[in-house]
Amino acid sequence: MTGLGAVFRPQLPPERLRAVVRLADASGLEELWLWEDCFREGGISAAAAALAWSDQVRVGVGLLPVPLRNVAITAMEVATLDRLFPGRAILGVGHGVQDWMGQVGARVESPVTLLREHLDALRALLRGEHLTTDGRYVKLDDVALDWPPAGPVEILAGATGPRTLRLSGAAADGTILTASTPPDGVRRARQLIDEGRESAGRTEPHKVVVYLLTATGPDAAARLRAELADEGVESVPDLGVTGDAATVAKAVQRLAEAGADTVILQPTGDEPDPEGFVRFAAEEVAEEVRTLIP
């Protein structure tokens, strides 16, 4: 069964989050995802609030930029969320936008090396290990969590390029793909992820989460075109979807057939009705997806 969710875009002020979360929970949305875009909402603080305001919806953070964090802090925050809200927090980490990392003095020479070291250390700490490591970027001296998660916690990695996709397959438990990934891009990403998994001898399932830029309503086509143009991907075929629930569900189906395990509907940054978008995803699109993908 393909998972379905929606994004709370950080273009909205934090005080809008409570109403969206409560609606997501009441309407049966499977997953509500948050972003830690510089310099908007903090990912962990927003996720903690969202989890506290809800009872059932899973809350994803896609993603936490690793140059901004010591890995021990990441591990402490992930473990705390999991112990407070078992099984409901989904955490992704990644390179972050390099220009933003440069703005705060955190840009590194080798983002792939940093992500690999961060993933390896983070997953070890969350397993309850005492860790000493002296990497290029990650350096720990007999560090262990006093309160590790009670059970396994999946850590996803955001990835776009081939090296990072292979790394995600080798070192993460799942991969997050941006809304700039058409179905053919999902297929190619799956191949690269599997190459990484094979190289690392990993055989457990690897979850692939894909954002789908979605617009509905009378001005949907114009809003979608504007956002694709703003991202510089207006010439890429098969990106985004506009229309009613049945049309959106078919776009979800195409991504699922290409290899997506979960599709997260991403509204445009100027979505006029965030609550209505969540209701649309949770009730109308979800029903159509269940019909198309048994």
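What comes next is a walk through the structure. Being a predicted model, the structure only gives us computed values, none of them experimental. (Residues numbered from 1 in each chain as written. Predicted model: local features only at pLDDT ≥ 70, side-chain atom pairs only at ≥ 80, totals over all residues. Heavy atoms only, no water.)

**Looking at the layout of surface pockets**
Roughly 890 Å³ of internal volume is contained in the largest pocket. Lining the largest pocket we find 34 residues, and of these Trp35, Asp37, Val97, Thr178 and Glu231 sit closest to its centre. For the lining of the largest pocket, the secondary-structure elements that each account for two or more residues are strand E3 (58-65), helix H6 (162-171), strand E9 (207-215) and helix H8 (220-230). Counting residues per element, the lining of the largest pocket draws most heavily on H8, which supplies four residues. Of the residues in the lining of the largest pocket, the class split is 15 nonpolar, 12 polar and seven charged. (1 Å grid on protein atoms, 1.4 Å probe; cavity = no way out; pocket = protein on both sides within 12 Å on 5 of 7 lines; lining within 4 Å. Points joined across faces, edges and corners; volume = space filled by probe spheres on them. Helix = DSSP H or I, 4+ residues; strand = E, 2+ residues; numbered from the N terminus. Nonpolar A, V, L, I, M, F, W, Y, C, P; charged D, E, K, R; others polar.)

**Here we look at the environment of glutamine 103**
Counting through the fold element by element, glutamine 103 comes out in helix H4 (residues 98-103). A sequence separation of 65 residues divides glutamine 103 from cysteine 38, and the C-alpha atoms of the two residues are 9.6 Å apart.

**Points about the packing of helix H5 (residues 111-126) against H6**
Running from amino to carboxyl end, H5 crosses H6 at an angle of 15 degrees, the nearest separation of the two axes being 11 Å. Accordingly, the angle class assigned to the pair H5 and H6 is roughly parallel. Between H5 and H6 lies a crossing of right-handed hand. Along its contact with H5, which presents Val112, Leu115, Arg116, Leu119, Asp120 and Arg123, the element H6 presents Arg163, Thr164, Leu167, Ala170 and Ala171. Across the contact of H5 with H6, the residue classes tally to six nonpolar, one polar and four charged. (Axes fitted to C-alpha atoms, helices over the stretch in contact; angles between N-to-C directions. Parallel < 35°, antiparallel > 145°, perpendicular 65-115°, else oblique. Left-handed = near helix turned anticlockwise from the far one by under 90°. Contact = heavy atoms within 4.5 Å.)

**A look at a nonpolar patch on the surface**
Together, Phe39, Leu68 and Val104 make up an exposed nonpolar region whose accessible area comes to about 270 Å². Residue placement: leucine 68 occurs in the loop between E3 and helix H3 (71-84). (Patch = residues over 30% accessible without salt bridge, like charges linked within 9 Å, V, L, I, M, F, W, Y side chains within 5 Å. Areas by Shrake-Rupley, 256 points an atom, 1.4 Å probe, with all protein chains shown as cover. Salt bridge = Lys/Arg side-chain N within 4 Å of Asp/Glu carboxyl O.)

**A closer look at the pairing of strand E7 (residues 155-158)**
Here E7 shows no split at all, with Ile155 and Ala157 on one side and Leu156 and Gly158 on the other all buried. Here strand E4 (residues 89-94) pairs with E7 via three bridges, running parallel. Residue pairing for E7: leucine 91 is matched across the bridge by isoleucine 155. Across three bridges, E7 lies against strand E8 (residues 174-177) in parallel orientation. (Buried < 20%, exposed > 50% of the residue type's maximum accessible area, 1.4 Å probe, protein only. Pairing = 2+ DSSP bridges.)

**Things to note about the nonpolar core**
Ranked by internal contacts, the top residues of the largest apolar core, which has 82 residues, are Leu91, Leu126, Ile155 and Leu265. With nine residues, the single largest contributor to this core is H5. With sequence-adjacent residues up to four places away left out, leucine 126 is seen in contact with Ala75, Val78, Ala79, Leu145, Pro148, Pro149, Val153 and Ile155. Val7, Ile176, Ala179 and Leu239 belong to the second largest nonpolar core, which has 17 residues in total. (Core = buried A, V, L, I, M, F, W, Y, C linked by side-chain atoms within 4.5 Å.)

**With respect to the pairing of strand E11 (residues 262-267)**
Across the six residues of E11, six count as buried, placing the element largely inside the fold. When strand E1 (residues 3-8) meets E11, the two strands line up parallel, connected through four bridges. Counted as the bridge partner of alanine 6 is leucine 265 from E11. Bridging between E9 and E11 involves six bridges; their strand directions are parallel.

**Some words on a negative patch on the surface**
Side chains of Asp244, Glu283, Glu284, Glu287 and Glu288 sit close together on the surface and give a patch of like negative charge. With respect to the secondary-structure elements, glutamate 283 resides in helix H10 (residues 274-292). Owing to a relative accessible area of 39%, glutamate 283 belongs among the partly exposed residues under this scheme. (Lys, Arg positive; Asp, Glu negative; His and termini not counted. Charge placed at Lys NZ, Arg CZ, Asp CG, Glu CD.)

**Details of H8**
One turn of an α-helix holds 3.6 residues; hence residues three or four places apart share an orientation. The set of residues buried in H8 consists of Ala220, Arg223, Leu224, Glu227 and Leu228. One face of H8 carries all of its buried residues, which in axial projection span an arc of 130 degrees. Among the exposed residues of H8, those pointing more than 90 degrees away from its buried face are Arg225 and Asp230. Against E9, strand E10 (241-242) and E11 lie the buried residues of H8. Phi for glycine 232, located one or two positions after H8, is positive at around 75 degrees. (Arc of directions from axis to C-beta.)

**Quick notes on the side chain of threonine 181**
You can see threonine 181 is positioned in the loop between E8 and helix H7 (183-200). What makes threonine 181 buried here is its relative accessible area of 15%. From its side chain, threonine 181 meets the backbone oxygen of threonine 178 in a polar contact 2.9 Å long. Dropping the residues within four chain positions of it, threonine 181 is found in contact with Val186, Val210, Leu239 and Leu255. (Polar contact = N/O pair within 3.5 Å; in protein donor to acceptor, adjacent residues only side chain to side chain.)

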